[in-house]
Amino acid sequence: MGTYVVTGSASGIGAATTHLLEDEGHTVIGVDVLETTVRADLSTPQGRADAVTGIRTALRGGHLDGIAAVAGAGAHLDDPGKVLAVNYFAPVAVLEGLRRELAAGGEGRAVVVSSNSAGTAPLIDETLVRTVLTGDEEAALERARGRHIELPEEIAESAPSITAYASSKLALSLWVRRTAVTAEWAREGLLLNAVAPGAVLSPSVRSAIPPDTDPDNFPTPIPLGVFGQPEDVAFWVHQFLRPQARFTTGTVLYVDGGTDAAMRPEGS
Ligand code: NAD
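Just so you know, these numbers come straight off a predicted model, no measurement behind them. (Residues numbered from 1 in each chain as written. Predicted model: local features only at pLDDT ≥ 70, side-chain atom pairs only at ≥ 80, totals over all residues. Heavy atoms only, no water.)

Caption draft 1: Structural context of the site of the ligand. Around the ligand, the surrounding shell holds 29 residues, and the nearest of these are Ser 11, Ile 13, Asp 32, Val 70 and Ser 202. Taking Val 200, its main chain carries an N or O atom lying 2.8 Å from an oxygen atom of the ligand. Between an oxygen atom of the ligand and a side-chain N or O atom of Ser 202, the distance comes to 2.5 Å. Across the complex, the protein chains shield 89% of the 820 Å² of accessible surface that the ligand would expose by itself. The set of elements that each furnish at least two residues to the shell around the ligand consists of α1 (12-23), α9 (162-180) and α11 (203-208). Per element, the largest residue contribution to the shell around the ligand is three residues, and it comes from α11. Of the residues belonging to the shell around the ligand, the class tally is 16 nonpolar, ten polar and three charged. (Near = heavy atom within 4 Å. Polar contact = N/O pair within 3.5 Å; in protein donor to acceptor, adjacent residues only side chain to side chain. Areas by Shrake-Rupley, 256 points an atom, 1.4 Å probe, with all protein chains shown as cover. Helix = DSSP H or I, 4+ residues; strand = E, 2+ residues; numbered from the N terminus. Nonpolar A, V, L, I, M, F, W, Y, C, P; charged D, E, K, R; others polar.)

Caption draft 2: Examining unusual backbone geometry more closely. Residue Arg 60 is not a glycine yet carries a positive backbone phi of 50 degrees. Residue position: Arg 60 is located in the loop between α2 (45-59) and β4 (66-69). A residue is classified by how much of its surface remains accessible, and Arg 60, at 75% relative accessible area, is exposed. Positive phi, normally seen in glycine, also occurs at Arg 147, with a value near 45 degrees. (Buried < 20%, exposed > 50% of the residue type's maximum accessible area, 1.4 Å probe, protein only.)

Put into structure tokens, the structure is as follows:
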């Protein structure tokens, strides 16, 4: 049986991924700001360093079979800097910090959870995306907090950090594509992919939208006519974590009921 790290393990997609792995008999080292194996606030560099140390302690010298970096912060938060830090700098720090432990087993698997808003939101700040990808967290947080994209009033109220959210998820998807093909990952047997969900009724989303919201009246189209459940996304995260998933790397898989295809029919 294997050993896996799941960040954001206390809720939603992370909890569903943890259950799938545990049901197969694997050991899961959960990381979350809420109660779990390793409790850490991934929004700060110190919290991320503590998380990596806590995971190494739990591993007791062993290797990791996979990491699912699922933890994320929503666009409803007031602080766009925090949203950026949790959604981009946290998964990158955890994956880079544990790359050695992941490579040690010979067929490590890493998955991040991006979002289809990386492709569908018209509110992305391209300068912010470029700044994030330089790895300069201080400059990126400053840019995000400067709120350089003007938001329509209704969006500014319900999703004040939408620009930081969508920009962080786009940067994360780009990081996956660029990193997965480097020799440090690809030639070490390390596979790195992203799952990009659409509207999924995890606890945080459930509390943010009225309970009787009709999927056909959601702001973005959902061709399948239903909201996703955390298990629908966890299924694909779990597939990418399996040793048998051995010829796919650097991919961004949309799990969104068809939203991305409907909004970007010319996209790839
Ligand atoms: P959720 O709120 O149910 O779970 C998120 C988890 O991350 C929680 O357990 C939370 O405690 C943890 N977390 C948040 N901030 C943290 C921090 N600073 N340090 C440590 N842990 C922290 O949400 P979810 O819907 O399951 O989200 C999982 C991932 O899916 C996120 O990356 C989210 O951006 C992404 N996503 C979700 C949707 C959706 O509609 N639910 C859509 C697109 C992308």
